[in-house]
Every structure is written in structure tokens, then in C-alpha cells.
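Chains, contacts and geometry: an overview
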Amino acid sequence: MAIHPIDNRYGRREVKDIFDEENKLQRLMDVECALVKAHAAVGNVPKPAAAEVEKKCSTKYVKVERVKEIEAEINHDLMAMVRAYSEQCEGDAGKYIHLGATSADIMDTSLALQLKDFIKFLEQDLHDLRKILVELADKHKKTVCMGRTHAQHAVPTTFGLKFAIYAEEIQRHIDRLNEYKPRILVGQMTGAVGTQAALGPKAVEIQALVMKYLGLESVNVSNQVIQRDRHAEFIFNLALIGETLNKINMEIRNLQRTEIDEIAEGFKKGKQVGSSTMPHKRNPIMCERICGLSRIIKADALAAMDNIPLWHERDLTNSAPERVIIPEACILTDYMLIKSIDVLKNLEFKPEKIKRMLDFTKGLIMAEKLMVTLVGKGMGRQEAHELVRKNAMKVYETGKLFIDVLEDDPEIRKLLSQKELEEAMDPEKYVGTAVEQVEKVVKRLS
């Protein structure tokens, strides 16, 4: 019976498979197998025994059900795996499994293998999201729209600039990923408290060989566990990605408000239902879902911080949280990314509503442009600001169009011709270097 929504509602199968019980078991055995092979390479284990261990390194032989059966008897999950694996090996090969290792060596290194598999999906997701954002930025670099500060109409901007900003933010997540990958994709074979004593005089060589076989880097130094600042950094970066997705989807939700309605989340034609009681509704449900799930990853990041300080050389307080937060954060981040890509691909733009918003304040959004124009005619900046402010307040008082109020002001008419006044009130001509900025981003990230 499914309990966590990840089981049946959120996440794609390929990513869930990385963290399911069978794959986790396989990765644990992969590490144990690599350790036996390393022992054999340095002469500690007979090579035929290592070959048998490698042959049986598969869930085709070692079953999850058998591991659980043993764990129910001995109350130790890792040792249950070791016994289940050992009993499948012919002859005395099984006795060499787990030689010189401690549980954390196997579990922490196998976790790195799982994260290595997940990061391939994460990288692709981020590149795919960046691609659609760059495409939208380029397509809408000249789509002038209302810019807002404090949720109030400010001055014009372009949709292209919005998407270019998001694309650059996604690129920073890609940059961060490339920076922290070497810190998270590491394994260890250091034994109890990290001294490598049980591995013998060739311990350093054994650790290096294990990681070579597994395609990981070795820790430089450790105690009984790989230090959890690495994992906290990883989950915090997932949380950062989640907050960027929160930002993007929140903007779409805000711009889909009935009274704004400039853009909208795609709504499936045919039978999609918006509300159980209000048949007319077209709610931005996917954007809302993404924004909501970002809170979970943020909470997981906080728990990851608490996993950093462990008692002395180790304790188990990180273990239980990590069984929840690492799969959860990875699966949900991937889900949010692919759903955000889908939202952006199907985003609806409404040109008439976009234009309506530019005119909504009766021209007041061009007050800054008017002030700058007056300064260009020789008026002092502070004087121009006050003159424009006084006229802007008259729009609030009278309900007139801003240009009509300005036409009645002798000071302004003395400096500006009718043509100059009309040009100063045109939103399409007041987006500064927005187009150039977008083109620069598109060129850099394409």
C-alpha cells in the first residue's frame, strides 16, 4: 500500500528506480564486490574467490526478500546484505565479502553511486530547462509588458528579459552542480573510525582501487563516515533549484490572475476540469504544485544541516533522516524540473491583455520617461521629478489620461512639442537596453 505521494503521484519511474530497494541492494553489492576485487588485486584474496563474488554480484542471485528475512533476525540491515550475498557464493568465496570494511564504507560509497546516477538526470533537466528559457527569451525579447515593483505598475520591460534572467539563474545552478560534483561523488574505504587498520598495510591502495572500479574519487581523509557537509551542500543546491522553480512558477501564477491575465498555464483542450464546483475555472494547478513542492526540498535541506554534527567519529542520527530526505529531494527536484519545462513549453501569451496592462494606469507608467525627457531639455532633475509628480497626482484625482493632464500644463508644453510628448508616452519606446541584454544572454547560453 502506497503512503508517500512519491509512490504513486510525484516523480518519474526512471529516477525512482535509482532509489528503490532493489537498486539500493545492487549498489551495496557493487561496493562489496569492488572491495573483494581490490583485495585480490593486492594479493589479500584468491582471484578465483573474487571472480565468484563478482559473478554473484546481482539481484538475480541476492534477493531483497532474503535480505529482509535476515535483517528481521539480526536487526542490522547492512550485515543482512553481507550474509545474503555471502550465502550465494560457492565455495569459501563469501567469507571475503566485507573484509576490512565497516558499514558506512559500503553505505556511503553506494549512496555516491546512486547520486552519480541521479545527477545525470539532474544535469539533463537543467540543460533542457535552460534551453526552453533561452528560446522564450529570444522569441519574446521585443514583447513589451508591464514591469512591476512592490506589486505596483512601474515602467515597461519585456517578457524576453524575464526569461533571460531565469535562464541565467539556471545556468548558475549548472555551474554550482559542476563545482560540487567532485565533492559529492566520492567514496571511502576507511574502516572503523577511519584509521584503515583492518584493511592492512595496503589500505590506501585498496581504497584507490575500489574507487577506480566504481568510477568515484576517494576521500582524502575521513572518520567512520563521509562527512555530511558534502550531502548538505548537495541538498541545499537542490533547494536553490527548487526556489528558482518556485520563482518562475509564482510569476506565471501572478500573471494569470483574472484581473491581469497576461499569460497562462496551458489548459488541456477537451475534458480538463478546473474546479469541482466552479465549471468556469482554469486554475494554474501545475504551477501551484511546483511552488508547493519546493517547500519540501527546503525542509529537507534544513534536516541535512542537522546531519553534519555527529558524535565523535560517528553516530547514526544522520541515517534515518537520509533514508527520507535524499530520495525525496532528488525525486521531487527532478519532477519539478520536468513539470516546469512542460509548463513553459505550453505557456499561453495573451497580446491584447499584455497591451491592456500597459495602458491600465492611463499612461502613468511613462512618468519616468517624461522626467528624463524634461531633463534632456535643460530642466533640473529634481525640478522635473516634482513637476511630473504633481501632474501624475492629478490623474489619480481626476481620472483623466496622463497625456491629457500634461497637455494642459504650460511648463511642459513650453519645453515639449506634441510629437515629443506623444513619444515620451509610448511604452514600446522605453525598454532601454532590454533587447540587447537578452540577445547577449541568448548568444552566451545557446
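We now turn to the structure provided with this report.

Moving on: the overall build of the protein. In terms of regular secondary structure, the protein is built from 18 helices and six strands. What you see for the protein is a C-alpha radius of gyration of 30 Å, clearly larger than the 22 Å of a compact globule of 446 residues, by over 25%. The proportion of buried residues among the 446 residues of the protein is 51%. Nonlocal contacts in the protein, meaning residues at least 24 apart in sequence, comprise 76% of its contacts between residues at least 6 apart. Accessible surface, the protein as shown: approximately 22,400 Å² in total, 53% of it carbon and sulfur. Each charge class in the protein can be summarised by its mean position, and for the 67 positive and 68 negative side chains these summaries are 3 Å apart.

Below, the discussion takes up the nonpolar core. Met81, Tyr85, Phe118, Phe234, Leu344, Leu370 and Phe402 are the most contacted members of the largest nonpolar core, which has 139 residues in total. Looking at this core, the element that brings in the most residues is helix H6 (residues 103–139), giving 15 residues. Leaving out residues up to four positions away in the same chain, Leu344 has contacts with Leu129, Ile132, Leu133, Leu136, Phe163, Ile248 and Ile252.

The geometry of helix H5 (residues 77–86) relative to H6 is characterised by a closest axis approach of 10 Å and an angle of 90 degrees between their N-to-C directions. With respect to each other, H5 and H6 are oriented roughly perpendicular. Here Asp77, Leu78 and Met81 of H5 come into contact with H6, specifically with Ser103, Ile106 and Met107. Partitioning the contact of H5 with H6 into residue classes produces four nonpolar, one polar and one charged.

A word on the packing of H6 against helix H7 (residues 159–184). Contact geometry of H6 with H7 gives a least axis separation of 9 Å together with a crossing angle of 160 degrees. One way to sum up the angle between H6 and H7 is to call them roughly antiparallel. Helix-helix and strand crossings are classified by hand; for H6 and H7 the assignment is left-handed. When grouped by side-chain class, the residues that make up the contact of H6 with H7 number 19 nonpolar, five polar and three charged.

Once that is clear, we can look at the packing of aromatic side chains. Overall, the coordinates contain eight aromatic pairs when judged by the stated rule. Each ring, one from Phe19 and one from Phe118, has its centre 6.3 Å from the other, and the planes form 55 degrees; the classification is tilted. Of the two residues, Phe19 is situated in helix H1 (residues 13–19) and Phe118 in helix H6; the sequence distance between them amounts to 99 residues. For the pair Phe19 and Phe118, a shared accessibility class is recorded, and that class is buried. Their ring planes at 75 degrees and their centres at 6.3 Å tell us that Phe163 and Tyr166 sit as a pair that is edge-to-face.

Once that is clear, we can look at the layout of surface pockets. The calculated volume of the largest pocket comes to roughly 1,200 Å³. Lining the largest pocket are 38 residues, and of these Phe19, Lys24, Asp77, Arg323 and Pro327 lie nearest its centre. Mapped by element, the contributors of at least two residues to the lining of the largest pocket are H1, helix H2 (21–41), helix H4 (64–74), H5, H6 and helix H11 (319–345). With eight residues, H11 is the single largest residue contributor to the lining of the largest pocket. Looking at the lining of the largest pocket residue by residue, the class counts come to 16 nonpolar, seven polar and 15 charged.

Residue pairs spaced three or four apart in an α-helix point in one direction, given the helix's 3.6 residues per turn. The terminal C-alpha atoms of H2, which comprises 21 residues, lie 30 Å apart, in line with the 30 Å expected from a rise of 1.5 Å per residue. At the exit of H2 stands Gly43, carrying a positive phi of roughly 90 degrees.

Cut-off values and rules
Residues numbered from 1 in each chain as written. Predicted model: local features only at pLDDT ≥ 70, side-chain atom pairs only at ≥ 80, totals over all residues. Heavy atoms only, no water. Helix = DSSP H or I, 4+ residues; strand = E, 2+ residues; numbered from the N terminus. Rg over C-alpha atoms; globule rule 2.2 N^0.38 Å. Buried < 20%, exposed > 50% of the residue type's maximum accessible area, 1.4 Å probe, protein only. Contact = heavy atoms within 4.5 Å. Areas by Shrake-Rupley, 256 points an atom, 1.4 Å probe, with all protein chains shown as cover. Lys, Arg positive; Asp, Glu negative; His and termini not counted. Charge placed at Lys NZ, Arg CZ, Asp CG, Glu CD. Core = buried A, V, L, I, M, F, W, Y, C linked by side-chain atoms within 4.5 Å. Axes fitted to C-alpha atoms, helices over the stretch in contact; angles between N-to-C directions. Parallel < 35°, antiparallel > 145°, perpendicular 65-115°, else oblique. Nonpolar A, V, L, I, M, F, W, Y, C, P; charged D, E, K, R; others polar. Left-handed = near helix turned anticlockwise from the far one by under 90°. Phe/Tyr/Trp six-rings, centres within 6.5 Å; stacked < 30°, edge-to-face > 60°. 1 Å grid on protein atoms, 1.4 Å probe; cavity = no way out; pocket = protein on both sides within 12 Å on 5 of 7 lines; lining within 4 Å. Points joined across faces, edges and corners; volume = space filled by probe spheres on them. Expected span 1.5 Å × (residues − 1).

Don't take any of this as a statement about function, it's just geometry.
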